[in-house]
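# Coordinate inspection notes
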Amino acid sequence: MTVALRRVRMTGSTLVTLTLAGLFSSVVSAITGTSWPLLLLAYSPGGITEMTLLALALGYDAAFVATHHVIRISCLVLVIPLLYKFSKSEDTKKKSEDELKTK
């Protein structure tokens, strides 16, 4: 994979996660009445330290942002291995089916 293609894929995934963070922030803000910028900081992809410091600099609740980042990262750590296992089992099934078809 070329460097240019990697950059495009990274940019695309960043835009997708930022868009999802923005949409989720809007929905939760409408439901709970919590400030949208605070929720955007809490749900945005990025490091805990950076987002918490940004929240402090902007005068938002840093503990709220840090807590949401800890929960987000914990969920990712728990879910990613399951998704990987599922995708591997699907790949294995597909390969087995393809091998049977060719025989």
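Scroll up to find the structure.
The sections below set out a description of the structure shown in this document. (Residues numbered from 1 in each chain as written. Predicted model: local features only at pLDDT ≥ 70, side-chain atom pairs only at ≥ 80, totals over all residues. Heavy atoms only, no water.)

Turning next to a nonpolar patch on the surface. A cluster of nonpolar side chains, namely Leu76, Leu78, Val79, Ile80 and Leu83, defines an oily patch on the protein surface of about 460 Å² accessible area. Here leucine 76 lies in helix α4 (residues 62–102). (Patch = residues over 30% accessible without salt bridge, like charges linked within 9 Å, V, L, I, M, F, W, Y side chains within 5 Å. Areas by Shrake-Rupley, 256 points an atom, 1.4 Å probe, with all protein chains shown as cover. Salt bridge = Lys/Arg side-chain N within 4 Å of Asp/Glu carboxyl O. Helix = DSSP H or I, 4+ residues; strand = E, 2+ residues; numbered from the N terminus.)

Relative to the helices and strands, methionine 51 is located in helix α3 (residues 48–58). For methionine 51, a relative accessible area of 13% translates into the label buried. Taking the C-alpha atoms as reference, methionine 51 lies 8.2 Å from alanine 62; in sequence the two are 11 residues apart. Sequence-distant contacts of methionine 51, defined by excluding residues within four places in its chain, comprise Leu41, Ser44, Pro45, Gly46, Val65 and His69. (Buried < 20%, exposed > 50% of the residue type's maximum accessible area, 1.4 Å probe, protein only. Contact = heavy atoms within 4.5 Å.)

What follows covers α3. Buried residues of α3: Met51, Thr52 and Ala55, and no others. Viewed along the axis of α3, the buried residues span an arc of 100 degrees, placing them on a single side of the element. In α3, the exposed residues that point more than 90 degrees away from the buried face are Glu50, Leu53, Leu56 and Ala57. Looking one or two places after α3, you find glycine 59, whose phi comes out positive at around 85 degrees. (Arc of directions from axis to C-beta.)

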